[in-house]
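Structural features, examined
Given next are the chains, with one letter for each unit.
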Amino acid sequence: MTEYNTYERYIKKKKKKLDGNAKNVHLYPTAKGQELANLHREFDLNETRKFAEYIVQQCSLQDLETFHSVIKVIQEFYEHEAK
């Protein structure tokens, strides 16, 4: 099976000619692609749940609040640097 054929199993392309842009290509999942996306979403949710359960077992509420405060300051720093 070629790479192109594998791609087509999961995504279908539809070209739409719109005013001012004749090159628009819309991508939609096939039934198989949607199934794969749903499985991936389920996997992510399960992994996130396991991680959250582990963190709560290993860290106190104060630890988590401190971590959140530090992450917020780091985020503010990078937002300020981007300006």
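Scroll up a little and you will see the structure.
Keep in mind that what you see is a predicted model, and the values were worked out from it rather than measured. (Residues numbered from 1 in each chain as written. Predicted model: local features only at pLDDT ≥ 70, side-chain atom pairs only at ≥ 80, totals over all residues. Heavy atoms only, no water.)

**Examining the pattern of salt bridges**
Spelled out, the test is: For this document, the term salt bridge refers to a Lys or Arg side-chain nitrogen within 4 Å of an Asp or Glu carboxyl oxygen. Helix and strand assignments come from DSSP, with helices taken as H or I runs of at least 4 residues and strands as E runs of at least 2, each series counted from the N terminus. Burial classes: relative accessible area under 20% of the type maximum marks a residue as buried, over 50% as exposed, and values in between as partly exposed (1.4 Å probe, protein chains only).
One pass over the structure, following the stated rule, counts two salt bridges. Close ionic contact of Glu-47 with Lys-50 constitutes a salt bridge, the shortest N to O distance being 2.9 Å. Placement of both Glu-47 and Lys-50 in helix α2 (residues 31–58) is noted, with a separation of three residues, approximately one turn of the helix. Judged by its relative accessible area of 43%, Lys-50 falls in the partly exposed class. Close ionic contact of Arg-49 with Glu-53 constitutes a salt bridge, the shortest N to O distance being 3.4 Å. Here Glu-53 and Arg-49 lie together in helix α2, a separation of four residues that amounts to about one turn. Judged by its relative accessible area of 42%, Arg-49 is partly exposed.

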